[in-house]
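For reference, the chains in residue letters:
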Amino acid sequence: MGCLISEILLGEPIFKGKDSIDLFYSIVKILGSPTQDDCEDLYIPHVISEVQKIHIVSLFKYKVEYSLVEMIEGMLRFSPKRRISLATAMESKYFKEIK
């Protein structure tokens, strides 16, 4: 859902890549390097050099509510165990503000 919401706001995919490796690096450029815990959850070795994440809000051309950015960031996590669920997203501050 985080990718979908981001794509709606951006008008294009948030993560772009010509192949799986290029796509992975596109994700790392935005989310930063996966943590040791992320790598353990994904069963991959932690061999990626440290890349700082960028602020997702800087990707959007228009002003976006901070609570929406927080919700998107909660959805865009390497580890599925660490992502917020759709039910949690629906209970987020963003949806409470627009009710």
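Residues numbered from 1 in each chain as written. Predicted model: local features only at pLDDT ≥ 70, side-chain atom pairs only at ≥ 80, totals over all residues. Heavy atoms only, no water.

For the rest of this paragraph, the subject is unusual backbone geometry. With a phi close to 60°, Tyr 43 is a non-glycine residue in the positive phi region. Considering the arrangement of structural elements, one finds Tyr 43 in the loop between α3 (36-42) and α4 (66-75). The exposure class assigned to Tyr 43 is exposed, which follows from its relative accessible area of 74%. (Helix = DSSP H or I, 4+ residues; strand = E, 2+ residues; numbered from the N terminus. Buried < 20%, exposed > 50% of the residue type's maximum accessible area, 1.4 Å probe, protein only.)

A separate point is the environment of Glu 97. Take Glu 97: it is sitting in helix α6 (residues 93-98). The class for Glu 97 is partly exposed, based on a relative accessible area of 42%. Between the C-alpha atom of Glu 97 and that of Leu 68, which follows or precedes it by 29 residues, the distance is 9.9 Å. The contacts of Glu 97, once residues within four sequence positions are left out, are Glu 65 and Ser 67. (Contact = heavy atoms within 4.5 Å.)

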